[in-house]
Amino acid sequence: MVFSSNLFLFLFLPIVLAGYYVAPRAARNAWLLAASLLFYGWGGPRLPLLLTASIGMNHALGAWVDRLRDRPAAARRVLILAVVLNLAPLAWFKYAGFFSDLIAAPAAPAGLPSWPRPDVALPIGISFFTFQALSYVVDVYRRDANRSPSLVDTALYVSFFPQLVAGPIVRYRDVAEQMASRRESISAFAEGIERFIVGLGKKVLSANTVGAVADLVFAVPAGELTAAPAWLGLVCYTLQIYYDFSGYSDMAVGLGLMFGFRFVENFRYPYAARSIADFWRRWHVSLSVWFRDYVYIPLGGNRGGAACTYRNLLLVFLLCGLWHGAGWTFLVWGLFHGAFLVLERTGFGRRLERAPAVVAHVYTLAVVACGWVLFRADDATHATIYFAALAGMTDAASGAYHAGLYLDAALASTLVGAVVGCTPIVPALRRKCSEFAASFDSRSSAVAQTSQALAFGGLRIAALGAVLAMVSVALSAATYNPFIYFRF
């Protein structure tokens, strides 16, 4: 089940909301847990088995670590056990095929028996809930949070359906108090509805529109792609992955607010960044912070001198690439970003800080876009061919796959809106309007202020209603509705 489906919007969510607010406060976590397991199990009856096993195991490990607070060495051994037990299923389900191919590759030329490739189906969202469950044990070990006394609360923390399958990754210490005690409010509920509808519009109206074109362009046969459609496809994918994932994160944050939870912001206009370091402070923030707190800093961070810092950055981003997918292109993508982070810690970074803003923005977008080619390509050969097409170095002469084949009025208008929407222009305009309204209110009568507030509120509701109506029509009429990050 996905958020951008009529089943979720008009059946699952209304029932869960109604049951939540009818239930006694003491039973609300249990109700949300049942709804979350149903949501996850919708993709297959065996999916919740792995999830519930992870929940039970980590709840027990958290209690074990907590009992060993006065025995640091023993607690550390339990923590290492927790890391192994959490990462072992992730390694099997996500990387068994990749590593078996690595082992088999040198065997074939040498005439050795081939290594059988495991046929393992990847459980949806396993990377997200594994990192989240491991965060619980680590936070208890570090005494950043007390262990959860309730298995239901632990289970809800790991499996809460708004952020279960695609994040944001919520650290236990950030929501422990909310799991035990939280207060819902009408204002937070209204804010949640708005965030959810905005995210839904991002996903269905923007990501799906440009994503369909990106898929077509990236599927063009090798050697048939020329520069113009290649750049169009790359722009479309660059926008698709942002609107797909940030839209999902907005919906997750909005749903959390409806149930009284506040999650971290996962995207802060990353395409407005002025460096790759700045980009990673804005893109998939919850993952960046998770790797910083649980991998980079324990490795030594930047405390061991330049060489150690560079090593740690490259290792973290190698793992970041591997987290996103079991393939060479993901590994190269991670190292690619790590290499630029290393570069920006040299004199190049100081020159970049002094460069005009437009130069820094262009540099950052160029690096990020090149990285997306690696991220989207089927394999290294596909990525190489696509880079050649971007540079106009292909021999395609038929012109069968020209840019006009994909670019029409609907796509052009979507591209314009999407480019504007992924910059801070819109919130800046909203702030200006709010400042103007505030100055106007100070000079207006109470009646005029009330009328103005009602007018602005009515326009806001009408705009959200229009977005929801367009989304409903689009979902009813189309079958193209993928979520990129579901496969991670």
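Along each chain, residues carry numbers from 1 onward, in the same order as the chain's sequence is written. Reporting in this predicted model follows two pLDDT cut-offs: at least 70 for local features of residues, and 80 or more for side-chain atom pairs to be given and counted; totals over whole chains, interfaces and linings ignore these cut-offs and use all residues. Working from all heavy atoms in the structure, the side-chain values ignore hydrogens and water.

## Some thoughts on the packing of helix α5 (residues 126–141) against helix α11 (residues 285–299)
The line we're drawing: Simply put, an axis is a line fit to the C-alpha atoms, just over the touching stretch for a helix, and the angle between two N-to-C directions goes from 0 to 180 degrees. What counts as a helix is a DSSP run of H or I of at least four residues, what counts as a strand is a run of E of at least two, and both are numbered from the N terminus. Each angle receives one of four descriptions, namely roughly parallel if under 35 degrees, roughly antiparallel if over 145, roughly perpendicular if within 65 to 115, and oblique otherwise. Left-handed describes a crossing whose near helix is turned anticlockwise from the far helix by less than a right angle; the clockwise case is right-handed. Throughout, a contact is declared for two residues whenever any of their heavy atoms are within 4.5 Å. Amino acids outside the nonpolar list (Ala, Val, Leu, Ile, Met, Phe, Trp, Tyr, Cys, Pro) and the charged list (Asp, Glu, Lys, Arg) are all regarded as polar, and Gly is one of them.
At a minimum axis separation of 12 Å, α5 and α11 run at an interaxial angle of 40°. Relative to α11, α5 is oriented oblique. Viewed along their axes, α5 and α11 form a crossing whose handedness is left-handed. Taking contact as the criterion, the partners of F131, L134, S135, V138 and D139 in α5 are, on α11, L287, W290, F291 and Y294. Considered class by class, the residues forming the contact of α5 with α11 number seven nonpolar, one polar and one charged.

## What to know about unusual backbone geometry
Stated formally: With a 1.4 Å probe rolled over the protein chains alone, any residue whose accessible area is under 20% of its type maximum counts as buried; one over 50% counts as exposed, and the rest are partly exposed.
Positive phi is not limited to glycine here, since Y269 has a value of about 50°. Structurally, Y269 is set in the loop between α9 (227–258) and α10 (276–282). Residue Y269 is classed as partly exposed on the basis of its relative accessible area of 27%. Backbone geometry at H284 places phi at a positive 45°, although glycine is not the residue there. Mapped onto the secondary structure, H284 falls in the loop between α10 and α11.

## Things to note about a nonpolar patch on the surface
Here is the rule we go by: In this analysis, a patch consists of residues with relative accessible area above 30% that form no salt bridge, clustered at 9 Å for like charges and at 5 Å for the nonpolar side chains Val, Leu, Ile, Met, Phe, Trp and Tyr. For accessible areas, the Shrake-Rupley method is used with a probe of radius 1.4 Å. Any residue's cover is judged against the shown protein chains and nothing else. In what follows, salt bridge is the name for a side-chain nitrogen of Lys or Arg lying within 4 Å of a carboxyl oxygen of Asp or Glu.
Taken together, the side chains of L7, L11, I15, W31, L38 and W42 present a nonpolar region at the surface, about 570 Å² in accessible area. Mapped by element, the contributors of at least two residues to the nonpolar patch are α1 (6–22) and α2 (28–41). The greatest single-element share of the nonpolar patch, amounting to three residues, is contributed by α1. Relative to the helices and strands, L7 is located in helix α1.

## Topic: the confidence of the model for the protein chain
Rules: Each residue carries a pLDDT score, the predictor's own confidence in it, on a scale running from 0 to 100.
Here the protein chain averages 87 in pLDDT, and 90% of its residues register 70 or above. For the protein chain, the element scoring lowest by mean pLDDT is helix α18 (residues 425–442), at 71; α10 scores highest, at 96.

## A word on the pattern of salt bridges
Following the criterion strictly, the structure yields 18 salt bridges and no others. For the salt bridge of R171 with D174, the shortest nitrogen-to-oxygen distance reads 3.4 Å. With a relative accessible area of 12%, R171 lands in the buried category. Where salt bridges share partners, they join D144, R171, R173, D174, R292 and D293 into one cluster.

## Some thoughts on the packing of aromatic side chains
When we look at a pair of aromatic rings, we describe it by the centre distance and by the angle of the planes. Applicable threshold: Think of it this way: a Phe, Tyr or Trp ring, Trp meaning its six-membered ring, pairs with another when their centres are within 6.5 Å, and the plane angle makes it stacked under 30 degrees, edge-to-face over 60, tilted otherwise. A ring is considered to have a charge above it if a Lys NZ or an Arg CZ atom is located within 6 Å of its centre and within 35 degrees of its normal.
Tallied over the entire structure, the rule returns 51 aromatic pairs. Summarising the aromatic geometry, the rings of F336 and F340 are spaced 5.1 Å apart at their centres and angled 65° between planes, so their arrangement reads as edge-to-face. Here F336 and its partner F340 are both found in helix α13 (residues 328–343), four residues apart, which amounts to about one turn of the helix. The lysine or arginine in question, R28, covers the ring of Y20, its NZ or CZ lying 5.0 Å from the ring centre. When the ring centre of W323 is taken as reference, the NZ or CZ atom of K94 above it lies at 5.3 Å.

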